[in-house]
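Coordinate inspection notes
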Amino acid sequence: ITLENFLALKLTPKQLSLLPKSQEIIGSILILEIPPELEKKEKLIAEAYLKLLPRIETVVKKAKIHSGEYRTRTVKILAGKRTKETIHHESGVKLKLHLEKAYFSPKSANERLRVAKQVKTGEEVLVMFSGIAPFPLVLAKNSPVSRVYGIEMNPLAHRYAVDNIELNKVDNVIIHRGDVRSVLPKLQGKFDRIIMPLPKTSEEFLDVVLPKTKKGSIIHLYSFLNEKDISLAGRKIKS
């Protein structure tokens, strides 16, 4: 049974056509984008999802998009358990998180695993802006990495990262709390691979990253770009 069938007698054809076509699921929480025209029916829609999806325990809607220094967001609970905390499963890793206290995107799961598959035996890897530690933990569980270091500025995200290291019983992940500009220069040694998953401003941190690379080190730098701007961005990064 589809959501449309489930709500056929409760919504008009026009309202049915406005139902969100895609949803974000983090652990046992479903995150909806409710268009303004359906706001009066949002609880009804949320209850329908709870009945249709057995593994979903809470339904929330986006209230404010990711913003601020820590790229956090606000959500409003519509139905189910009154919680914004959950445990998300990804690539053999458990990630405990609170939707409003730290940035996390399940959409990057394939990318985290793709990078893990490139790591060679004995590599020392640094993950900047490491959040609740999805990148470090996916690498620890899915690659022959020697050690993974993370740096995270958000104290709440850092606390979840520490919990997640314990939750996953790994002993080769070390997370530092603080600004990469002050923490990174103090770290001993250099890295075989550096991951910079901060798409809007990653290249602004290359000046502190480059002194920490070896000959042949790989940097994974992420950026939001129009396709036509890729070569220009490449030249800027190279310079």
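In the block above lies the structure referred to throughout.
Residues numbered from 1 in each chain as written. Predicted model: local features only at pLDDT ≥ 70, side-chain atom pairs only at ≥ 80, totals over all residues. Heavy atoms only, no water.

A few words now on the overall build of the protein chain. When helices and strands are counted, the protein chain shows nine helices and eleven strands. Each principal axis of the C-alpha atoms in the protein chain carries an extent, and together these give about 65 × 45 × 30 Å. Classification of the 239 residues of the protein chain by burial places 46% in the buried group. Looking at charge distribution, the protein chain has the averaged site of its 42 positive side-chain charges lying 1 Å from that of its 26 negative ones. (Helix = DSSP H or I, 4+ residues; strand = E, 2+ residues; numbered from the N terminus. Buried < 20%, exposed > 50% of the residue type's maximum accessible area, 1.4 Å probe, protein only. Lys, Arg positive; Asp, Glu negative; His and termini not counted. Charge placed at Lys NZ, Arg CZ, Asp CG, Glu CD.)

Tracing the sequence through the fold places V162 in helix 6 (residues 155-167). Sequence separation of V162 and G80 is 82 residues, and the distance between their C-alpha atoms is 28 Å.

Next up on the list: the packing of helix 4 (residues 109-116) against helix 5 (residues 134-142). Contact geometry of helix 4 with helix 5 gives a least axis separation of 9 Å together with a crossing angle of 45°. As judged from the angle between their axes, helix 4 and helix 5 are oblique. As for the relative orientation of helix 4 and helix 5, their crossing is right-handed in sense. When helix 4 is examined against helix 5, the residues E111, R112, L113, V115 and A116 are found in contact with a partner set consisting of P134, F135, V138, L139 and N142. Considering only residue class, the contact of helix 4 with helix 5 consists of seven nonpolar, one polar and two charged. (Axes fitted to C-alpha atoms, helices over the stretch in contact; angles between N-to-C directions. Parallel < 35°, antiparallel > 145°, perpendicular 65-115°, else oblique. Left-handed = near helix turned anticlockwise from the far one by under 90°. Contact = heavy atoms within 4.5 Å. Nonpolar A, V, L, I, M, F, W, Y, C, P; charged D, E, K, R; others polar.)

On to the pairing of strand 6 (residues 93-98), then. Bridging between strand 5 (residues 85-90) and strand 6 involves six bridges; their strand directions are antiparallel. The residue bridging E85 from the neighbouring strand is H98, located in strand 6. (Pairing = 2+ DSSP bridges.)

Bringing helix 6 into the picture now. For helix 6, spanning 13 residues, the distance from its first C-alpha to its last is 18 Å, which sits close to the expected 18 Å at 1.5 Å a residue. Those residues of helix 6 that sit buried are A157, H158, Y160, A161, N164 and I165. For helix 6, the buried positions fall inside an angular range of 160° around the axis, keeping them on one side. Looking at helix 6, the residues exposed on the side facing more than 90 degrees away from the buried face are R159 and E166. One side-chain oxygen of the residue at the start of helix 6 lies 2.9 Å from the amide nitrogen of L156, identifying that residue as N154. (Expected span 1.5 Å × (residues − 1). Arc of directions from axis to C-beta. Polar contact = N/O pair within 3.5 Å; in protein donor to acceptor, adjacent residues only side chain to side chain.)

In a soluble, globular protein the nonpolar side chains are often hidden away together inside. Counting residues in hydrophobic clusters, the biggest one holds 35 residues, and the most contacted among them are L99, I132, L137, L139, V173 and I195. Of all the secondary structure elements, the ones that give two or more residues to this core are strand 2 (29-32), strand 4 (72-80), strand 6, helix 4, strand 7 (124-128), helix 5, helix 6 and strand 9 (173-177). In terms of residue count, the dominant contributor to this core is helix 5 (five residues). Sequence-distant contacts of I132, defined by excluding residues within four places in its chain, comprise L95, K96, L97, A102, F104, A157, Y160, A161 and N164. (Core = buried A, V, L, I, M, F, W, Y, C linked by side-chain atoms within 4.5 Å.)

With respect to the helices and strands, N172 occurs in the loop between helix 6 and strand 9. Contact partners of N172, with chain neighbours within four places excluded, come to A140, V145, S146, R147 and V148.

A complete count under the given rule lists 15 salt bridges for this structure. In this structure, the salt-bridge partner of K61 is E42, at a minimum N-O distance of 2.9 Å. One end of the pair, K61, is in strand 3 (residues 58-67); the other, E42, is in helix 3 (residues 42-52), and 19 residues separate them in sequence. E42 shares its class with K61; the two are buried. The partner of R112 in a salt bridge is E90, with the nearest N and O atoms 2.8 Å apart. Pair noted here: R112 is in helix 4 and E90 is in strand 5, with a separation of 22 residues, a long-range link. Sharing partners across several salt bridges, the network here consists of E39, E42, K61 and K76. (Salt bridge = Lys/Arg side-chain N within 4 Å of Asp/Glu carboxyl O.)

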